[in-house]
Amino acid sequence: MTKKSVEESQKDAAARRAKGEFVRGVSGFRSVLGEDPDFPAEAGRYHLFVAFNCPWCHRVTLARNVLGLQDSITMDVAFPGRTTQDDPIEPNRWEFNPSRIASLTGTTLPECTAETATGQNFRLAKQVYEAEGSNEASVPILYDKKTKRIVANESADIVRMLNAQAGSLGSSMAANVLPDLYPAGDAYAGLRQEIDALNDQIYVGINNGAYKAGFSSNQTVYASAFALYFKTLSDLEARLASDDRPFLTGDTFTEADLRLFPTLYRHDPVYYVRMKLNGARILDYPHLWRWLCRVYALPGVAESNALVHCRQGYFGRSWNNVVPLGPLHPMSYPEAYGHPELAS
């Protein structure tokens, strides 16, 4: 796994939250698939619990799809809205309930599932944790169906493990075409350093930065996150423009691209309004827009998520629970992601 995933400092977290800053917590389950003897890399053994509106889950579903693991790693998808105040167990929790109605569509969401991995038909992700004596409640969760135990719940770690063990986990892709998102070996040491540096930049400025802007209730904290978010976008735009490279490190799609994609996928149709990141659209950055469309066109990427879930999940938790219908110009999303020419 080499470099540890970048995480937010927990120093004075309670005091920072009290002052209005959004502070992301730290995941508690950190076993390493294929290295921990309790969790060998085997096809058909593992399962993912995810929510499509969650960008951290989106990293994991992207990895599952681009690495050809859809058939060998099963998956349950939570409803994009949390449980309500009248929930018989607990409010504000991820729920596996395919019968819930989305206010945006007036119907159920076909991607949502019941819980199928534990044998207990749990309704809440929190109950999966409680079975192991944990009070955590987040998704994603990488779960071992054989031992009925949680392997890991840090998205960056899960992505790295799926990549390292894709062949042993039962990828449907031939070895000569299977992507390697974070190549091992001395020959790739420089590339790994480049990916690590990009991961840090993207996490602080973009991935977590969007939440710092959107969910902090302090104007100064918001303004700082807003400024860094758009500075980072400008830096990444310049990086792509410098030699018209197709991906962040050059000609190959890597973990850095995968980690950037979920936030930029959400920016125009969701974060521009919901996270108060209205400085510009990704459509206003021509190289980033074409990069976004290029990644979206990769096999398995479009199927790894659903913007209906993102819209429902973010705006369904806003003060009036009304979900915006746009943007519609120059065309609706995600259809726009099939049109790189929109940014010229």
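Each chain carries its own residue numbering, running from 1 in the direction its sequence is written. Thresholds applied to this predicted model are a pLDDT of at least 70 for local features of residues and 80 or more for the giving and counting of side-chain atom pairs; totals over whole chains, interfaces and linings are not thresholded and use all residues. Only heavy atoms go into the side-chain values, all of them from the structure, while hydrogens and water stay out.

Chemist: Just give me the short version of the overall build of the protein chain, but keep the residues and values in it.
Modeler: Every helix listed is a DSSP run of H or I at least four residues long, and every strand listed is a run of E at least two residues long, numbered separately from the N terminus. Within the protein chain, the secondary structure is distributed over nine helices and four strands. N-terminal to C-terminal, the α/β element order of the protein chain is α-β-α-β-α-β-β-α-α-α-α-α-α. Both definitions apply: the radius of gyration is a C-alpha atom measure, and the globule rule equals 2.2 Å times residues to the power 0.38. Against the 2.2 N^0.38 benchmark of 20 Å for 344 residues, the protein chain shows a C-alpha radius of gyration of 19 Å, consistent with a compact globule. Using a 1.4 Å probe on the protein chains alone, a residue whose accessible area is under 20% of its type maximum counts as buried, one over 50% counts as exposed, and one in between counts as partly exposed. Residues classed as buried in the protein chain amount to 53% of the 344 residues present. Within the protein chain, contacts between residues at least 6 apart in sequence are counted, and of these 70% link residues at least 24 apart. Positive charges come from Lys and Arg, negative ones from Asp and Glu, while His and the chain ends are left out of the count. Where a charge lies is defined by one atom per residue type, namely NZ (Lys), CZ (Arg), CG (Asp) and CD (Glu). Measuring between centres, the 35 positive side-chain charges of the protein chain sit 5 Å from its 39 negative side-chain charges. By definition in these notes, contact holds between two residues if any of their heavy atoms fall within 4.5 Å.

Chemist: Describe the packing of helix α7 (residues 255–274) against helix α8 (residues 286–296), naming the residues involved and giving the relevant values.
Modeler: For helices, the axis comes from a line fit to the C-alpha atoms of the stretch in contact; other axes are also lines fit to C-alpha atoms, and the angle between any two N-to-C directions lies between 0 and 180 degrees. One can describe the packing of α7 onto α8 by two numbers: an axis separation of 10 Å at closest approach and a directional angle of 110 degrees. By the criterion of interaxial angle, the relationship of α7 to α8 is roughly perpendicular. Here D257, L260, F261, L264, Y265 and D268 of α7 come into contact with α8, specifically with L288, W289, W291, L292, V295 and Y296. Here roughly perpendicular refers to angles of 65 to 115 degrees, roughly parallel to angles under 35, roughly antiparallel to angles over 145, and oblique to all remaining angles.

Chemist: Requested: an account of the side chain of E237, with residues and values cited.
Modeler: One can find E237 in helix α6 (residues 219–243). Buried within the structure, E237 lacks any salt-bridge partner; R290 is the closest side chain of opposite charge, at an N-O distance of 6.1 Å. Beyond its immediate stretch of four places on either side in the chain, E237 contacts Y285, P286, H287 and L288. By salt bridge we mean one thing: a side-chain nitrogen of Lys or Arg within 4 Å of a carboxyl oxygen of Asp or Glu.

Chemist: If you had to explain α6 to someone new, which residues and values would you point to?
Modeler: Any helix carries an expected span of 1.5 Å times its number of residues minus one. Relative to the 36 Å expected for 25 residues at 1.5 Å per residue, α6 spans 38 Å between its end C-alpha atoms, a close match to the ideal helical length. Within α6, burial applies to Y222, A225, Y229, F230, T232, L233, L236, E237 and L240. On its buried face, α6 sits against α5 (189–215), α7 and α8. Any N or O atom pair separated by 3.5 Å or less is treated as a polar contact, with the protein-specific requirement of one donor-capable and one acceptor-capable atom, and with residues adjacent in sequence counted only for side-chain atom pairs. Sitting at the head of α6, N218 places a side-chain oxygen 2.9 Å from the backbone nitrogen of T220.

Chemist: Report on empty space enclosed by the protein, specifying residues and quantitative values.
Modeler: Buriedness for pockets is judged along seven lines, at least five of which must meet protein on both sides within 12 Å for an open set on the 1 Å grid over protein atoms alone, while cavities are sets there where a 1.4 Å probe fits but cannot get out, and lining residues have an atom within 4 Å of a point. Grid points are joined across faces, edges and corners, and a volume is the space filled by probe spheres set on the points. Scanning the model with the defined rule gives three cavities of 30 Å³ or more in all. Space inside the second largest cavity adds up to approximately 40 Å³. Around the second largest cavity, the lining residues are P55, W56, R59, N207, R259, P262 and T263. Going through the elements one at a time, α2 (55–66) and α7 are the ones with two or more residues in the lining of the second largest cavity. Put simply, Ala, Val, Leu, Ile, Met, Phe, Trp, Tyr, Cys and Pro go in the nonpolar bin, Asp, Glu, Lys and Arg in the charged bin, and everything else, Gly too, in the polar bin. Looking at the lining of the second largest cavity, its residues break down into three nonpolar, two polar and two charged.

Chemist: So what about the side chain of N65? Which residues, and what values?
Modeler: Residue placement: N65 occurs in helix α2. For N65, a relative accessible area of 8% gives the class buried. Other than its neighbours up to four places away in sequence, N65 contacts Q70, P299, G300, E303 and S304.

Chemist: Outline helix α4 (residues 155–164), supporting the account with residue identities and numerical values.
Modeler: In terms of burial, α4 is largely enclosed, as nine of its 10 residues are buried. Tucked into the core, α4 has its buried residues touching β1 (46–51), α2, β3 (141–144), β4 (149–152), α5 and α7.

Chemist: Lay out the sheet that holds strand β2 (residues 74–78) with the relevant residues and their values.
Modeler: Here the rule is simple: two strands pair whenever DSSP picks up at least two bridges between them. An order of β2-β1-β3-β4 is seen for the four strands of this open sheet, with the pairing classed as mixed. Here the strands that pair on one side only, and so sit at the sheet edges, are β2 and β4. Shown here is a sheet whose adjacent strand axes are inclined to one another by a mean of 30 degrees, direction ignored. Of the strands in this sheet, β1 and β2 touch α2, which is tilted by about 135 degrees from β1.

Chemist: Let's hear about the pairing of β1: which residues, and what values?
Modeler: Buried residues dominate β1, accounting for six of its six residues. The side-chain alternation of β1 yields two buried faces, one formed by Y46, L48 and V50 and the other by H47, F49 and A51. The pairing of β1 with β3 spans four bridges and is antiparallel. Each bridged residue has a counterpart across the sheet, and for Y46 the counterpart in β3 is D144. A crossover gets the label right-handed when its path from the first strand over the helix to the second runs clockwise, viewed with the strands pointing away from the viewer. Handedness of the β1-α2-β2 crossover: right-handed.

Chemist: Now, about the packing of aromatic side chains: what can you tell me, with residues and values included?
Modeler: In this scheme Phe, Tyr and Trp rings, the latter by its six-membered ring, pair at centre separations within 6.5 Å, and the angle between planes marks the pair as stacked below 30 degrees, edge-to-face above 60, and tilted otherwise. Tallying each qualifying case throughout the model produces 20 aromatic pairs. Ring centres 5.1 Å apart and planes at 80 degrees place the aromatic pair Y211 and F215 in the edge-to-face group. Note that Y211 and F215 are positioned in helix α5 at a spacing of four residues, about one turn of the helix. Taking the relative accessible area as the measure of exposure, Y211 reaches 9% and is therefore buried.

Nothing here speaks to function; it is all geometry.
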